[in-house]
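Summary of the model geometry
For reference, the chains in residue letters:
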Amino acid sequence: MTPTITFRAHHFLCALCFRGKGYSPDFIVNFTNIMEKLQGADGDDTMLTVVADTDAICSPCPHRREQRCTSQEKIVRLDHAHMTVLGIKPGDTLTWGRAKQLIAEQMTLQKFHQACAPCQWKKLGICEEVLNNVVRPLSK
């Protein structure tokens with residue numbers, strides 16, 4: 001059986017919006033490698049497991065402290081909001097294709113603005129652009 005990639009709930013949307021920016025060069029390389037797998041020929045079939053602590057994306061992050069983040073309270077709020085919107089919980093396993101489908105079906109712009117309110121990356125406008133130009137067309 002192919003091992004799954006661990007994902008925090010808020011990272012599903014982050015992955016769709018990833019543009020090669022991040023917290024450190026190692027973080028960017030790691031996230032790029034994960035995205036290359038997810039965007040590959042069989043990427044939509046890649047299994048992801050929802051976790052409540054740090055995940056595959058977090059592994060080289062300079063803000064990681066064992067299984068937590070230096071901004072743990074904010075990250076927990078982000079994860080909880082995304083789990084609520086997407087209807088997922090820690091321990092759930094789904095494909096990347098299903099994760100994208102859930103985002104397209106469930107993540108409205110209003111829900112995005114609420115769920116992602118504490119995110120420092122939100123102000124760049126990348127995620128809203130992706131929701132409008134990539135995700136919304138998927139839900140039609």
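Residues numbered from 1 in each chain as written. Predicted model: local features only at pLDDT ≥ 70, side-chain atom pairs only at ≥ 80, totals over all residues. Heavy atoms only, no water.

**Overview of the overall build of the protein chain**
Assigned secondary structure in the protein chain consists of 6 helices and 5 strands. When the helices and strands of the protein chain are read in sequence order from the N terminus, they spell out β-α-α-β-β-β-α-β-α-α-α. When its C-alpha atoms are laid out on the principal axes, the protein chain stretches across 40 × 35 × 25 Å. Counting only residues that meet the buried cut, the protein chain has 41% of its 140 residues in that class. At a minimum sequence separation of 6, the contacts of the protein chain that also span at least 24 residues come to 75%. Per element, the accessible surface of the protein chain, about 7600 Å² overall, is 52% carbon and sulfur. For the protein chain, the distance from the average position of its 17 positive side-chain charges to the average position of its 14 negative side-chain charges is 6 Å. (Helix = DSSP H or I, 4+ residues; strand = E, 2+ residues; numbered from the N terminus. Buried < 20%, exposed > 50% of the residue type's maximum accessible area, 1.4 Å probe, protein only. Contact = heavy atoms within 4.5 Å. Areas by Shrake-Rupley, 256 points an atom, 1.4 Å probe, with all protein chains shown as cover. Lys, Arg positive; Asp, Glu negative; His and termini not counted. Charge placed at Lys NZ, Arg CZ, Asp CG, Glu CD.)

**Overview of the pattern of salt bridges**
When charged atoms on two side chains of opposite charge get close, those side chains can pair. For the structure shown, the criterion picks out 5 salt bridges. Across the pair Asp44 and Lys100 runs a salt bridge, and its minimum N-O distance is 2.7 Å. Taken as a pair, Asp44 in the loop between α2 (25–38) and β2 (47–51) and Lys100 in helix α4 (residues 96–106) lie far apart in primary sequence, 56 residues in all. Exposure remark for Asp44: the relative accessible area of 37% places this residue in the partly exposed category. Residues Arg77 and Glu73 are paired through a salt bridge, measuring 3.6 Å at the closest nitrogen-oxygen approach. With Arg77 and Glu73 both in helix α3 (residues 72–86) and 4 residues apart, the pair spans about one turn of that helix. (Salt bridge = Lys/Arg side-chain N within 4 Å of Asp/Glu carboxyl O.)

**Let's talk about the layout of surface pockets**
Of the voids in this model, the largest pocket is the one considered here, and its volume is about 610 Å³. Along its surface, the largest pocket is lined by 35 residues, and His11, Cys14, Tyr23, Cys119 and Trp121 are the ones closest to its centre. Taken together, the elements giving at least two residues each to the lining of the largest pocket come down to α1 (11–17), α2, β4 (68–69), α3 and α6 (126–138). Of the residues contributing to the lining of the largest pocket, the split by class is 20 nonpolar, 8 polar and 7 charged. (1 Å grid on protein atoms, 1.4 Å probe; cavity = no way out; pocket = protein on both sides within 12 Å on 5 of 7 lines; lining within 4 Å. Points joined across faces, edges and corners; volume = space filled by probe spheres on them. Nonpolar A, V, L, I, M, F, W, Y, C, P; charged D, E, K, R; others polar.)

**Describing the sheet that holds β2**
Spatially, the 3 strands line up as an open sheet ordered β1-β2-β5, and their pairing is mixed. Of all the strands in the sheet, just β1 (5–8) and β5 (93–95) have a single pairing partner and so form its edges. Geometrically, the sheet is characterised by an average inter-axis angle of 40° between neighbouring strands, direction not taken into account. As paired strands, β2 and β5 are joined by 3 bridges and run antiparallel to one another. Among the inter-strand pairings, Met47 is bridged to a residue of β5, identified as Thr95. (Pairing = 2+ DSSP bridges. Axes fitted to C-alpha atoms, helices over the stretch in contact; angles between N-to-C directions.)

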